[in-house]
Amino acid sequence: MGMNRLPYWEKDLDFQVSDLFPYDLDRRPVSSNRVYGERMETLAKGALSIGSEFLYVSGLSLGTAGTMTWDGSFGEGLGVSLGFTLMLGYSSSMEEVVLDLLDSDLKSLGSGLMAGVTDCLFWSYSMPREVRKIIMIATGLPLKDEVEFIDLLIEGINGHDGVDGLIPYYAELFGLRRSAVSYETDDLLSLRISSVLQSFEMSETRQILGPAPDLEMPPLFEMRFSPG
């Protein structure tokens, strides 16, 4: 159990996907982001290349973008976020990239930026589709330069040892089939040990486990995205 892990947000999340969204088999997981600009398409490609997925971003300058915002009617109002929110599918490689990014000097972007792991329940056709483990980067305050942050994230992804450019290539060629497998990214033994240790109110265990998994979630003023 290393300490080099993201903490958990204090709440799980609900995310409403459009009824028109091809959730189970997405035939355009990369190019569907082209409508949001080359940068968002590059992020989608990069995320897939390290086993993650670019799900959603919302900010004052970037607006709302991401694979999960597709609804066949681009350009219509999807709500406005007062801060900054970025959702990425969980992978250990993406966790490493985000940790390295947050450890770098981001003072020029402003304060209050936090990242953690949580479970997100996706809804479609007014029915729950699946629960997925995600990484959420968020702040209730505006970032001074959202574009720079995304560029730094893309740079970190491209510099990761685990990048595999064939993943987004084949996902775009044959389609991306989304299916959650229980505990696919978790070590069950580590989870049980962590659970036991967290039940003890001892400072020594906190030193072993690192940050407590209870990041307070900032206010997310987004019509399609709400705490569960």
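Quick look at the structure, then. The structure presented is a predicted model; accordingly, all values stated were derived computationally and were not measured. In this numbering scheme, every chain counts its residues from 1 along its sequence in written order. With pLDDT at 70 or above as the cut-off, local features in this predicted model cover only qualifying residues; side-chain atom pairs require 80 or more to be listed or tallied, and sums for whole chains, interfaces and linings still use all residues. Side-chain measures here rest on the full set of heavy atoms in the structure, leaving out hydrogens and waters.

1. Considering a nonpolar patch on the surface
Quick note on the threshold: Patch criteria: residues need more than 30% relative accessible area and no salt bridge. Like-charged residues are merged within 9 Å; nonpolar side chains of Val, Leu, Ile, Met, Phe, Trp and Tyr are merged within 5 Å. To measure how exposed things are, a 1.4 Å probe is used in the Shrake-Rupley method; for residues, cover is taken only from the protein chains shown. Salt bridge, as used here: a side-chain nitrogen of Lys or Arg that lies within 4 Å of a carboxyl oxygen of Asp or Glu. Put simply, DSSP marks the helices as runs of H or I at least four residues long and the strands as runs of E at least two long, and each gets a number from the N terminus on.
Where nonpolar side chains cluster on the molecular surface, the patch consists of Leu166, Tyr169, Tyr170, Leu173 and Phe174 and spans about 560 Å² of accessible area. Along the chain, Tyr169 falls in helix H4 (residues 166-174).

2. Quick word on the pattern of salt bridges
Just so we agree on the cut-off: The classification of residues rests on relative accessible area computed with a 1.4 Å probe and restricted to protein chains. Under 20% of the type maximum is buried, over 50% is exposed, and intermediate values are partly exposed.
As enumerated under the stated definition, the model contains seven salt bridges in all. One salt bridge connects Arg5 with Glu95, and the closest N-O pair in it is separated by 3.5 Å. Pair noted here: Arg5 is in the segment before strand S1 (13-16) and Glu95 is in helix H2 (residues 92-103), with a separation of 90 residues, a long-range link. Judged by its relative accessible area of 43%, Arg5 is partly exposed. A salt bridge links Glu41 to Arg34, with the shortest nitrogen-to-oxygen separation between them at 2.9 Å. With a relative accessible area of 16%, Glu41 lands in the buried category. Owing to a relative accessible area of 52%, Arg34 belongs among the exposed residues under this scheme. Here the salt bridges do not stand alone but share partners, grouping Asp26, Glu53, Glu130, Arg132 and Arg178 into one network.

3. Details of the environment of Val57
To be explicit about the condition: We call two residues in contact whenever any of their non-hydrogen atoms come within 4.5 Å of each other.
Relative to the assigned elements, Val57 resides in strand S3 (residues 54-59). Note on Val57: relative accessible area 0%, which makes it buried. Here Val57 is in contact with Met40, Leu62, Gly63, Thr64, Ala65, Phe84, Thr85 and Leu86, once residues within four sequence places are set aside.

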